[in-house]
Amino acid sequence: MSQSLANPMAKTLRLLVIFLGLFTSFSLFAHGVDESTKQFLAANQGVSILPFIYIGAKHMVTGYDHLLFLVGVIFFLYRTKDVLLYVSLFTLGHSITLLYGVFNDIQVNPYIIDAIIGFSIVYKGFDNLGGFQRIFGYQPNTKVAVAIFGLFHGFGLATKIQEFQLPQEGLMANIIAFNVGVEIGQFLALGMVLILMSFWRRHKSFLQFSTAANTLLMSGGLMLVGYQLSGYFIS
């Protein structure tokens, strides 16, 4: 094997090992809620706008499954208006089901919904690799797919909130505040991702390693699906 081919392959393998190691560690805390947040949600009574904004923002910033999906969504989007369009479709989707799920007390198995969220990551990585065109000769509507998966991501957020059986008093204001926090967290995290990607796109390595990056994205999604389905069958 030539030296020029061996180096990129070695780098890709190192990235894969690092990514899988990190993801395995993070999976232990998938959609986790820290102890202080648990105590607050369990004891809270009435309207608490700022705390719920903070909790929503923190949940999105640390919600690597949501962020991995968004990374896949924006990976090949170069124009600001395209980024805004796709992120808005995702935001609309998860906002609808977050609010609808909580206010109508729609219970969804957390393992199943998180497995679907994991599948959304696999889907976007596969889409970025041109898998649909190459294997099926068909390209699904990406905008529709992002909006639909946004609905499932919203149910994931709603399911986590409903675990704490929040009191009805002030529920609407608190959940709206939580959703606002989610959008703030999404904006901050996505802003950092876009800054990093804008630097990466200036180098030849972006196109050279785009296949490896989206393969890693799919690997992460598959691990999340497997982890959540294992939890479902064990529990």
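Residues numbered from 1 in each chain as written. Predicted model: local features only at pLDDT ≥ 70, side-chain atom pairs only at ≥ 80, totals over all residues. Heavy atoms only, no water.

## Quick notes on a nonpolar patch on the surface
Thought 1: There is a patch of nonpolar side chains on the surface, built from V61, F103, M172, I176, V180, I184, F187 and L188 and spanning about 740 Å² of accessible area.
Thought 2: Among the elements that line the nonpolar patch, the one with the most residues is helix α9 (residues 171-200), at six residues.
Thought 3: Within the secondary structure layout, V61 lies in helix α3 (residues 49-62). (Patch = residues over 30% accessible without salt bridge, like charges linked within 9 Å, V, L, I, M, F, W, Y side chains within 5 Å. Areas by Shrake-Rupley, 256 points an atom, 1.4 Å probe, with all protein chains shown as cover. Salt bridge = Lys/Arg side-chain N within 4 Å of Asp/Glu carboxyl O. Helix = DSSP H or I, 4+ residues; strand = E, 2+ residues; numbered from the N terminus.)

## Section: the pattern of salt bridges
When the charged atoms of two side chains lie near each other, side chains of opposite charge can form a pair.
Thought 1: Applying the stated criterion across every chain yields a total of three salt bridges.
Thought 2: For R79, the salt bridge is made with D82, and the minimal N-O distance between the two is 2.9 Å.
Thought 3: A salt bridge links E163 to K160; its shortest N-O distance comes to 3.1 Å.

## Notes on the environment of W200
Thought 1: Within the fold, W200 resides in helix α9.
Thought 2: A relative accessible area of 27% places W200 in the partly exposed class.
Thought 3: If we ignore the near neighbours within four places in the chain, the residues touching W200 are F75, S205, F206, F209 and A213. (Buried < 20%, exposed > 50% of the residue type's maximum accessible area, 1.4 Å probe, protein only. Contact = heavy atoms within 4.5 Å.)

## A look at the confidence of the model for the protein chain
Thought 1: On average, the protein chain scores 85 in pLDDT, and the residues at 70 or more come to 84%.
Thought 2: Within the protein chain, the element-level pLDDT minimum falls on helix α1 (residues 3-27), averaging 47, and the maximum on helix α6 (residues 110-128), averaging 96.
Thought 3: In the model, residues 1-6 has pLDDT below 50 throughout and makes two contacts with residues more than four positions away in sequence or in other chains.
Thought 4: Confidence drops under pLDDT 50 across residues 16-30; counting only partners more than four residues distant or on other chains, this segment forms 19 contacts. (pLDDT = per-residue confidence, 0-100.)

## Some thoughts on unusual backbone geometry
Thought 1: Of note, D105 is a non-glycine position whose phi angle comes to about 50°, a positive value.
Thought 2: Considering the arrangement of structural elements, one finds D105 in the loop between α5 (80-103) and α6.

## Let's talk about the side chain of S95
Thought 1: As for its position among the elements, S95 is in helix α5.
Thought 2: For S95, a relative accessible area of 13% translates into the label buried.
Thought 3: Residues within four places of S95 in sequence aside, it is in contact with N179 and E183.

## Focus: the packing of aromatic side chains
Thought 1: Taken as a whole, this structure holds 14 aromatic pairs when the rule is applied.
Thought 2: Where F69 meets F90, the ring centres are 5.5 Å apart and the plane angle is 40°; that geometry is what we call tilted. In this pair, F69 sits in helix α4 (residues 64-74) while F90 sits in helix α5, placing the two residues 21 residues apart along the sequence.
Thought 3: Residue F69 is classed as buried on the basis of its relative accessible area, which comes to 1%.
Thought 4: Ring geometry for F132 against F136: centres 6.2 Å apart, planes inclined by 35°, an arrangement best described as tilted. With F132 and F136 both in helix α7 (residues 131-136) and four residues apart, this pair spans about one turn of that helix.
Thought 5: For F136, a relative accessible area of 57% gives the class exposed.
Thought 6: Joined through ring pairs, the aromatic side chains of F69, F90, F119, Y123, F126, F132, F136 and F149 make up one cluster.
Thought 7: When the ring centre of Y78 is taken as origin, the NZ or CZ atom of R201, which lies over that ring, is 4.6 Å away. (Phe/Tyr/Trp six-rings, centres within 6.5 Å; stacked < 30°, edge-to-face > 60°. Lys NZ or Arg CZ within 6 Å of the ring centre and 35° of its normal.)

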